[in-house]
Amino acid sequence: MPYTLSTFSLKSIYVDFKAITKAGLAVSVVFSSVAGFVLGEANFAAFNWIILLKLAIGGYCMVGASNAFNQVIEKDLDALMDRTKNRPIPSGRMQSNVALWIASLLTIIGILLLYTINPKTAMFGAISIFLYTSVYTPLKTVTSLSVFVGAFPGAIPFMLGWVAATGNFGIEAGTLFLIQFFWQFPHFWAIGWFLYEDYEKAGFFMLPTGKKDKGTALQIILYTVWLIIASLLPVLGYTGQLYITPITAIIVFLLGMWMLFFAVRLYQLRTAKAARTLMLVSVSYITLLQLVYIFDKFLR
């Protein structure tokens, strides 16, 4: 039910704000941006914590806005799925116009904060919101290519941090983008696999073949291989200021093989449990990869 004098409380507002902005996801995205910022920072002696704080808050606002817009658009479909029917809007705790105001306010705050860092950071942040809400979200009920489209805004945060630190989009930022771009596919196809029946209720097309079959599992393996290759590019010395040592490259390779093992496992078993495991491994993989990159820079 909507907020009334009897139900209104700071706690309820806080809980629903976390839900409408998908706080867990938003924080993980902010972590990617922070990792990119640390990698792009050339002079740690003059490390600008104010810019980092603006990036973190602005990044959360942008992701939170995208998620809020998404939930406004998909409110009727969310009501059909078990995993989303208790969200603030479909459950009736928050009206759509309230969520729309929250999303709009977060967009304005986010873009302004990112613009104070540099215009390119704000531009990429705005592009991510547009692609997520205006292209990816409508395509989810039309074609499985929605995952491909969604991979573009999903891959922006890692490279956004680099752009925030340097003010430039070059081979370094492009490489960070490429890594997180390829990561999106095994991650979201794994989610689409173990939530297949729930997504089917809302008519969402998330798997590349439309089915939980060998074709989908094979594509998950192939994109995991592309992910491993992309993550090793910095060791070759052709990615500008973004570089990792051979020892770090071995660690990165082993991380990739760890994820590939579970991708192959899904191909072999083709079960929801195997898909869920791969999803969890993929989240750990991207976090560990970013930490390894950062440690490499500090220890060199």
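Notes on the structure in this doc start here.

1. A look at the nonpolar core
Item 1. Grouped together as the largest cluster of nonpolar side chains are 85 residues, with contacts concentrated most on Leu39, Leu55, Met159, Leu176, Leu278, Tyr285 and Tyr293.
Item 2. At 13 residues, the largest contribution of residues to this core is made by helix 8 (residues 171-194).
Item 3. For leucine 55, the contacting residues outside a window of four places in its chain are Ser33, Val34, Phe37, Leu114, Ile117, Leu160, Gly161 and Ala164.

2. Here's the deal with the environment of glycine 154
Item 1. By the element assignment, glycine 154 lies in helix 7 (residues 146-166).
Item 2. Put simply, glycine 154 and serine 134 are 20 residues apart on the chain and 14 Å apart in space, counted from C-alpha to C-alpha.
Item 3. Every residue in contact with glycine 154, bar those within four places of it in the chain, is listed here: Gln180 and Gln184.

3. Quick look at a nonpolar patch on the surface
Item 1. A surface patch of nonpolar side chains, amounting to about 450 Å² of accessible area, comprises Leu218, Leu222, Val225, Trp226 and Ile229.
Item 2. Within the secondary structure, tryptophan 226 is located in helix 10 (residues 214-232).

4. Re helix 5 (residues 96-117)
Item 1. For helix 5, spanning 22 residues, the distance from its first C-alpha to its last is 32 Å, which sits close to the expected 32 Å at 1.5 Å a residue.
Item 2. Looking only at helix 5, the buried set comprises Ala99, Ile102, Ala103, Leu106, Thr107, Gly110, Leu114 and Ile117. Projected down its long axis, helix 5 shows its buried positions confined to an angular sector of 140°, all on one face. Exposed residues lying more than 90 degrees from the buried face of helix 5 are Trp101, Leu112 and Tyr115.
Item 3. Contact partners of the buried residues in helix 5: helix 1 (10-21), helix 3 (49-73), helix 6 (119-139) and helix 7.

5. Focus: the layout of surface pockets
Item 1. By volume, the largest pocket is sized at about 1100 Å³.
Item 2. In this structure, the largest pocket is lined by 47 residues; those nearest its centre are Leu25, Val29, Asn67, Tyr132 and Phe188.
Item 3. Of all the secondary structure elements, the ones that give two or more residues to the lining of the largest pocket are helix 2 (23-40), helix 3, helix 6, helix 7, helix 8 and helix 12 (272-299).
Item 4. Residue contributions to the lining of the largest pocket peak at eight residues, all from helix 7.
Item 5. Each residue belonging to the lining of the largest pocket can be placed in one class, and the counts come to 24 nonpolar, 17 polar and six charged.

6. Quick notes on helix 8
Item 1. Helix length check: helix 8, at 24 residues, gives a terminal C-alpha distance of 36 Å against a target of 34 Å (1.5 Å per residue), a fit within 8%.
Item 2. The sharpest bend along helix 8 measures roughly 25° and falls at glutamine 184, with the proline proline 186 sitting one to four residues further on.
Item 3. Of all 24 residues in helix 8, 20 are buried; the element is thus mostly enclosed.

7. Structural notes on the packing of aromatic side chains
Item 1. The full count for this structure, using the stated rule, is 18 aromatic pairs.
Item 2. Centroid distance phenylalanine 177 to phenylalanine 181: 5.9 Å. Interplanar angle 15°. Geometry classified as stacked. With phenylalanine 177 and phenylalanine 181 both in helix 8 and four residues apart, the pair spans about one turn of that helix.
Item 3. You can call phenylalanine 177 buried: its relative accessible area is 17%.
Item 4. For the pair phenylalanine 181 and phenylalanine 182, a centre-to-centre distance of 5.7 Å together with 70° between the ring planes defines the contact as edge-to-face.
Item 5. Under the relative-accessibility criterion, phenylalanine 182 is labelled buried at 14%.
Item 6. Counting every residue linked through ring pairs, the aromatic cluster contains Phe148, Phe152, Phe177, Phe181, Phe182, Phe185, Trp189, Tyr223 and Trp226.

8. A look at the environment of phenylalanine 177
Item 1. In this structure, the C-alpha to C-alpha distance between phenylalanine 177 and tryptophan 162, residues 15 residues apart in sequence, is 10.0 Å.
Item 2. Filtering out sequence-adjacent residues up to four positions away, phenylalanine 177 remains in contact with Phe152, Ala155, Ile156 and Met159.

9. Here's the deal with the side chain of serine 128
Item 1. Relative to the helices and strands, serine 128 resides in helix 6.
Item 2. The class of serine 128 is buried, set by a relative accessible area of 11%.
Item 3. Here glycine 125 takes part through its backbone oxygen, which lies 2.6 Å from a polar atom of the side chain of serine 128.

10. Comments concerning the packing of helix 3 against helix 6
Item 1. Contact pair helix 3 / helix 6: the axes reach a minimum separation of 9 Å and the direction vectors enclose 15°. Taken together, the axes of helix 3 and helix 6 lie roughly parallel to each other. The hand of the helix 3/helix 6 crossing is right-handed. Contacts between helix 3 and helix 6 pair Met62, Ala65, Ser66, Asn67, Phe69, Asn70 and Ile73 from the former with Gly125, Ala126, Ser128, Ile129, Tyr132, Thr133 and Thr137 from the latter.
Item 2. For the contact of helix 3 with helix 6, the class distribution of residues is seven nonpolar, seven polar and no charged.

11. As for unusual backbone geometry
Item 1. A positive phi angle, near 50°, is found at lysine 22, a position not held by glycine.
Item 2. At arginine 270, a position not held by glycine, the phi torsion is positive, near 50°.
Item 3. If you trace the backbone, arginine 270 turns up in the loop between helix 11 (246-269) and helix 12.

Rules used in this analysis
Residues numbered from 1 in each chain as written. Predicted model: local features only at pLDDT ≥ 70, side-chain atom pairs only at ≥ 80, totals over all residues. Heavy atoms only, no water. Core = buried A, V, L, I, M, F, W, Y, C linked by side-chain atoms within 4.5 Å. Buried < 20%, exposed > 50% of the residue type's maximum accessible area, 1.4 Å probe, protein only. Helix = DSSP H or I, 4+ residues; strand = E, 2+ residues; numbered from the N terminus. Contact = heavy atoms within 4.5 Å. Patch = residues over 30% accessible without salt bridge, like charges linked within 9 Å, V, L, I, M, F, W, Y side chains within 5 Å. Areas by Shrake-Rupley, 256 points an atom, 1.4 Å probe, with all protein chains shown as cover. Salt bridge = Lys/Arg side-chain N within 4 Å of Asp/Glu carboxyl O. Expected span 1.5 Å × (residues − 1). Arc of directions from axis to C-beta. 1 Å grid on protein atoms, 1.4 Å probe; cavity = no way out; pocket = protein on both sides within 12 Å on 5 of 7 lines; lining within 4 Å. Points joined across faces, edges and corners; volume = space filled by probe spheres on them. Nonpolar A, V, L, I, M, F, W, Y, C, P; charged D, E, K, R; others polar. Bend = angle between axes of the 7 residues up to and from the residue. Phe/Tyr/Trp six-rings, centres within 6.5 Å; stacked < 30°, edge-to-face > 60°. Polar contact = N/O pair within 3.5 Å; in protein donor to acceptor, adjacent residues only side chain to side chain. Axes fitted to C-alpha atoms, helices over the stretch in contact; angles between N-to-C directions. Parallel < 35°, antiparallel > 145°, perpendicular 65-115°, else oblique. Left-handed = near helix turned anticlockwise from the far one by under 90°.

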